[in-house]
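Overview (structure and organization)
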Amino acid sequence: MCALKSTSLMDLNMRGLVVSLLCFLFSVATKFNCCTGHSLKALCNEEEREALLSFKTGVHDPSNRLSSWVSEECCNWEGVLCHNTTGHVLRLNLRWDVYQRASSLGGNISSSLLHLKHLRYMDLSCNDFGSLNIPKFFGFLSNLRYLNLSSAGFGGVIPHQLGNLSKLHYLDIGNCQYYIHRNSLNVEDLEWISGLPFLEYLDMTTVNLSKTSNLLQVMNKLHSLSVLRLSNCELLAIDSLRHVNFSNLLILDLSWNHLISSSFDWFADLSSLTTLNLADNTIHGQIPYGLRNMSSLIFLDLSYNKFASSLPDWLFHMTTLEHLYAISNMFQGKLPNNIGNLSSITYLDLSDNALEGDILRSLGNLCAFQLSKISHRSQGKSLEFLNLGGNKLSGSFPDTLGECKILEYLNLGENRLSGHLPNELGQLNSLSSLYIHRNSFSGKIPISLGRISTLSRLNIRENFFKGILSEKHLANLTSLKELDASSNLQLTMQASSNWTPPFQLTGLDLGSCLLGPQFPAWLQTQKNLYDLNMSYAGISDVIPAWFWTRTYQTIDLSHNQIIGSIPSLHFPRIHLGSNNFTDPQPQISSDVVELDLSDNLFRGSLSPMLCRQRTNKEVNLLNSLDVSGNLLSGELPNCWMYWRELTVLKLGNNNLTGHIPSSMASLIWLGSLHLRNNHLSGNFPLPLKNCSSLMVLDLSENELTGSIPEWIGNFIGKITETFLEVGRILYTASLMVLVLHSNKFNGSIPVELCHLNSLQILDLGNNNLSGTIPRCFGNYSRMIKRSNSTSPFPFHDPYYITFGSTDEATLVMKGVEYEYHKSLGLLAGIDLSSNNLSGGIPEEFTSLHGLIFFNLSHNHLQGKIPVKIGDMKSLESLDLSMNRLSGVIPQGMATIAFLSHLNLSYNNLSGQIPSGTQLRGFSPFSFIGNPELCGAPLTDDCGEDGKPKAPIPDNDGEDDSGWIDMKWFYLGMPWGFAVGVWPIFAPLALKRAWRHAYFQFLDEMKYKLLGWCS
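Residues numbered from 1 in each chain as written. Predicted model: local features only at pLDDT ≥ 70, side-chain atom pairs only at ≥ 80, totals over all residues. Heavy atoms only, no water.

Details of the sheet that holds strand β59 (residues 860-864)
A sheet is described by the order of its strands in space; here twelve strands give the open sequence β39-β41-β43-β45-β47-β51-β53-β57-β59-β61-β63-β64, paired in parallel fashion. Lying at the two open borders of the sheet, with one neighbouring strand each, are β39 (603-604) and β64 (932-934). (Pairing = 2+ DSSP bridges. Helix = DSSP H or I, 4+ residues; strand = E, 2+ residues; numbered from the N terminus.)

Remarks on helix α2 (residues 46-58)
The end-to-end C-alpha distance of α2, which contains 13 residues, comes to 19 Å, matching closely the 18 Å that a straight helix rising 1.5 Å per residue would cover. Within the sequence span of α2, burial applies to Glu 48, Arg 49, Ala 51, Leu 52 and Phe 55. End-on, the buried residues of α2 take up no more than an arc of 160 degrees, which puts them together on one face. Its buried side turned inward, α2 meets β1 (59-60), β2 (80-82) and β3 (89-93). Measuring from the side-chain oxygen of the N-cap residue of α2 to the backbone nitrogen of Glu 47 gives 3.0 Å; that N-cap residue is Asn 45. (Expected span 1.5 Å × (residues − 1). Buried < 20%, exposed > 50% of the residue type's maximum accessible area, 1.4 Å probe, protein only. Arc of directions from axis to C-beta. Contact = heavy atoms within 4.5 Å. Polar contact = N/O pair within 3.5 Å; in protein donor to acceptor, adjacent residues only side chain to side chain.)

Regarding the pairing of strand β51 (residues 744-748)
Sheet analysis places strand β47 (residues 703-707) next to β51, joined by three bridges and oriented parallel. Along β51, the bridge assignment pairs Gly 706 with Phe 745. Bridging between β51 and strand β53 (residues 768-771) involves three bridges; their strand directions are parallel. The residue bridging Gly 747 from the neighbouring strand is Leu 769, located in β53.

What about the environment of Ser 310?
Here Ser 310 shows up in the loop between β17 (306-307) and β18 (323-325). Owing to a relative accessible area of 43%, Ser 310 belongs among the partly exposed residues under this scheme.

Examining unusual backbone geometry
Excluding glycine, residues mostly have negative phi values, and the peptide bonds linking residues are mostly trans. Residue Pro 584 is bonded to the preceding Asp 583 through a cis peptide linkage, with omega at 5 degrees. Omega for the peptide link from Ala 936 to Pro 937 comes to 10 degrees, which places this bond in the cis form. Note that Pro 937 resides in the loop between β64 and α9 (963-990). The backbone phi angle of Cys 126 is positive, close to 60 degrees, even though this residue is not glycine. The buried category is assigned to Cys 126, whose relative accessible area is 1%. One non-glycine residue, Asn 766, lies in positive phi territory at about 60 degrees. Mapped onto the fold, Asn 766 is located in the loop between β52 (761-763) and β53. Taking the relative accessible area as the measure of exposure, Asn 766 reaches 36% and is therefore partly exposed.

Details of the nonpolar core
Grouped together as the largest cluster of nonpolar side chains are 249 residues, with contacts concentrated most on Phe 138, Met 204, Trp 266 and Phe 547. Where this core is concerned, the elements lending two or more residues are α2, β2, β3, α3 (215-219), α4 (359-375), β29 (464-469), β31 (490-493) and α6 (607-610). When residues of this core are assigned to their parent elements, the largest contribution, four residues, is made by α3. With residues near it in sequence (within four places) discarded, Trp 266 still touches Leu 216, Ile 238, Asp 239, Ser 240, Leu 241, Val 244, Phe 246 and Leu 252. In terms of nonpolar packing, the next biggest core, distinct from the first, is built from eleven residues, Val 739, Ile 761, Leu 827 and Phe 853 among them. (Core = buried A, V, L, I, M, F, W, Y, C linked by side-chain atoms within 4.5 Å.)

Some words on the packing of aromatic side chains
For any pair of aromatic rings, the description consists of the separation of the ring centres together with the inter-plane angle of the planes. Applying the stated rule across the entire model yields 34 aromatic pairs. Between Phe 55 and Trp 69, the ring centres sit 6.2 Å apart and the planes meet at 40 degrees, which makes this aromatic pair tilted. One end of the pair, Phe 55, is in helix α2; the other, Trp 69, is in the loop between β1 and β2, with 14 residues separating them in the sequence. On the basis of relative accessibility, which here comes to 0%, the residue Phe 55 falls in the buried class. Between the aromatic rings of Phe 299 and Tyr 325, the centroid separation amounts to 5.7 Å while the plane-to-plane angle is 50 degrees, which identifies the pairing as tilted. Taken together, the residues Phe 299 in strand β16 (residues 299-301) and Tyr 325 in strand β18 connect sequence positions 26 residues apart. According to the relative accessible area criterion, Phe 299 is partly exposed, its value standing at 23%. Clustering of aromatic rings is evident, with ring pairs tying together Phe 519, Trp 546, Phe 547, Trp 548, Tyr 552 and Phe 571. Over the aromatic face of Tyr 121 sits the side chain of Arg 91, whose NZ or CZ is 3.9 Å from the ring centroid. (Phe/Tyr/Trp six-rings, centres within 6.5 Å; stacked < 30°, edge-to-face > 60°. Lys NZ or Arg CZ within 6 Å of the ring centre and 35° of its normal.)

Some points on the pairing of strand β41 (residues 631-635)
Pairing of β39 with β41, which is carried by two bridges, proceeds in the parallel orientation. Counted as the bridge partner of Arg 603 is Leu 631 from β41. Pairing of β41 with strand β43 (residues 655-658), which is carried by three bridges, proceeds in the parallel orientation. Its bridge partner lying in β43, Gly 634 is registered against Leu 656.

Topic: the pattern of salt bridges
Tallied over the entire structure, the rule returns twelve salt bridges. In this structure, the salt-bridge partner of Arg 49 is Glu 72, at a minimum N-O distance of 3.9 Å. Linking Arg 49 in helix α2 with Glu 72 in the loop between β1 and β2, this pair joins segments that are 23 residues apart in sequence. Note on Arg 49: relative accessible area 7%, which makes it buried. Taking the relative accessible area as the measure of exposure, Glu 72 reaches 59% and is therefore exposed. Close ionic contact of Arg 461 with Asp 484 constitutes a salt bridge, the shortest N to O distance being 3.1 Å. (Salt bridge = Lys/Arg side-chain N within 4 Å of Asp/Glu carboxyl O.)

Here's the deal with the sheet that holds strand β23 (residues 394-396)
Ordered by their spatial adjacency, five strands build an open sheet running β23-β25-β27-β29-β31, and the pairing between neighbours is parallel. The open sheet has two free edges, formed respectively by β23 and β31, since each of these has just one partner strand. Across this sheet, the average inter-strand angle for adjacent strands is 25 degrees, counted without regard to direction. As paired elements, β29 and β31 share four bridges and run parallel to each other. Across the sheet, the residue bridging to Lys 466 is Gln 490, located in β31. (Axes fitted to C-alpha atoms, helices over the stretch in contact; angles between N-to-C directions.)

Brief notes about the state of the cysteines
Working definition of a disulfide: a covalent bond connecting the sulfur atoms of two cysteines. Following the criterion strictly, the structure yields five disulfides and no others. One disulfide in the model links Cys 934 with Cys 942; its S-S distance is 1.9 Å. Between Cys 934 and Cys 942, the disulfide has an S-S torsion of 110 degrees and is therefore right-handed. You can call Cys 942 buried: its relative accessible area is 17%. (Disulfide = S-S within 2.5 Å.)

Structure below.
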């Protein structure tokens, strides 16, 4: 027993010696320490060290990233990795942060890198080599397996020599972030890619492939390809394939191209695909049928295309699908009831389409399935994100959504949902964002909503909620950051003066909800509030002093009855219009961007507010200033050089006098100027000649004289900024709205007005203009086609001026003065009435098919009404009265379907009024004063010759003894009429707001009556 034990110990000792000897010999040969298990690092290869130093010499290194490239041991340099045994450089990783491009590498790349014969991995991504061509010698680094040149600022044609890298597995020549720095790389022939048989990953994002014609044929030779990214490559079409050889593809990204076809038959062979992105193309028709075979698909994005079919049933049988996005298409039909079959769905976004149907029937199964997974402790996915906003879904709020326990984001806004909110809403205890705005929900807001302590964003605006939103509703919303309950006209928010909310809001919108009359004291507790809207809130209090000391970004307290004065203002966006604020006028900080003080009670000169002495370094950021509708007087201040950033200036409806000051020539970015209804005098303002960005100019109802200058035709717009990286050019269009109504301008209409191609509204009425109407007015392109935009003006673009700006114009249409705001962009019209114009109506006017109102009344025009006037199909108001027009009324006028106001009275028109209900439906007053005119609606019938029948003599033998009595009767009638109606019409003549409301009421009643009659 002992001998056996001794033998065993001896064997073990011998084995230990043998192992130790072998370990020693192996460690000498391989420099591997068996005792510690660590490598003894090899020294850097001298030739390769020199190659790296040559590379360093050629590049520009502003951040000194290569500062470690000085020591003898290059294997310790930053971004360099060597082989443990041979010391050869295997990896060169100089990737940089895409958000710090200013400190990235640049310059030239030395061909000395060819000495790195063992290099397998090279990453130069997210640097900036200034559109340098990709070096051709990269194609001779024959051992490369990994090459990443994405977003490195390379440009030009991609060298075909890259096709020599036959061992390459990974190639990225796309972009890290294409919206930050766009590539200027392009390819005309992709055949070189077929030389990369082992390629598994290919990213060519933002490379211009528009000239390639063999894309799929080349890709079909890459049997190992698993990831293919071709986003934003200017692709117009992709040819089909009979058979797909890259069937192992897992990820395919074709987003941000110009693809139109929806066939994609070759998709059917991609059964292994897990991710497919077709977003931001212009694909028409139905969803490609080949998707049905993608049994492994996890991520599918079809957003921002033009799919116009219904959603196919097979789409909702893809049980592996976790992310489905189909935003902003034209999908229609009912939301499928089998949406609940998406058993793995976590993110579902079908927003901004035209989907219909009862939302309760569709979503009921989905949430029921979610509940069953939870009850059976399933490890599968659960719904976290649901967006069905911007559709036409109907029905009530699905109470079964309360079963989606881990739902974090829910958007049902901008649909046709109605009914009350269910108490089950409070069961969504993971919800962070809830959007149900712009629906028809009604009733009281359930208290259970306040149980969702995770809720951070709540938007219930533009519904029909009523009752009280109280402290109880908000008591447990400790995470709430944004609350929007605006435009619920019967909703009242009540909170005690000492209430301390459990949340800290960043955004609050309670516009058109009842809050007043007191100013809400609890707002003082909200230290992080940046955006505040309490317009139309019934507040008639004084704003407390603490309010003006906060750091809001946007405040809107307009359309209340707030009283008191305003201290100095420093918030960027301030809307205090339509209140009862009084002097002194506030001081404006240089940080203010938008300021609306319109329709208040400020008096005196504007100089105290605008002409405070500024330091040389102080730059005023004010873009938009509105002080219209106050009691301001005196001359316009001459200190506009301090406000060079102004793009919108509204000073109308005050008592300002004098000339336009010379400093207004400093406002070179001014896009909209409103000076109407003041007492300004002098010639057409010469300082405006320098305001070449003007798009809206309203000088109406002043006392300006002289002729309209020829230089006004120079307002033809200009380029403001160019962003080559994203292919975006910002520019101002030429003058779009010109309103000079009710001044004392004389002379002829300058033909230079015809240069204003974008002119949409031209109002020169009620002046002393003479001469003929320029024929070139028929070339206005904006009036040729009817506009369908409510905001076509470029200064509404948030990239041009602060978001939220609107414009308006006061125009006479259908015989009534209207103020147009949001609908201004829909209008196109010409008003030359009440002047001394002569000659005929140019035939060229009839090409203005988009013209909505046309007024040439009260002039001295002669000749015939243009025969083709019936081509002006968009006309709603036509007034040619009080001229000397002759001839017949063109038959085509009876075909203008939208025409609702017509006045041809007091001309020399003759013949029969064209038949048809359109013209005969007007009052006889539209045609009176034309003795030779006959036919309905006039009482004078037409004879066989088309002229009025002669009246039949009556009682020829009777004497005229009663004529004296009748004469006195007729002479006294106007005086009696004036005395009788003066108490009624005097207030309308003196109060402009009452006058507008009265005539608008009559116009609306007319439309209703016409609608009933039709």
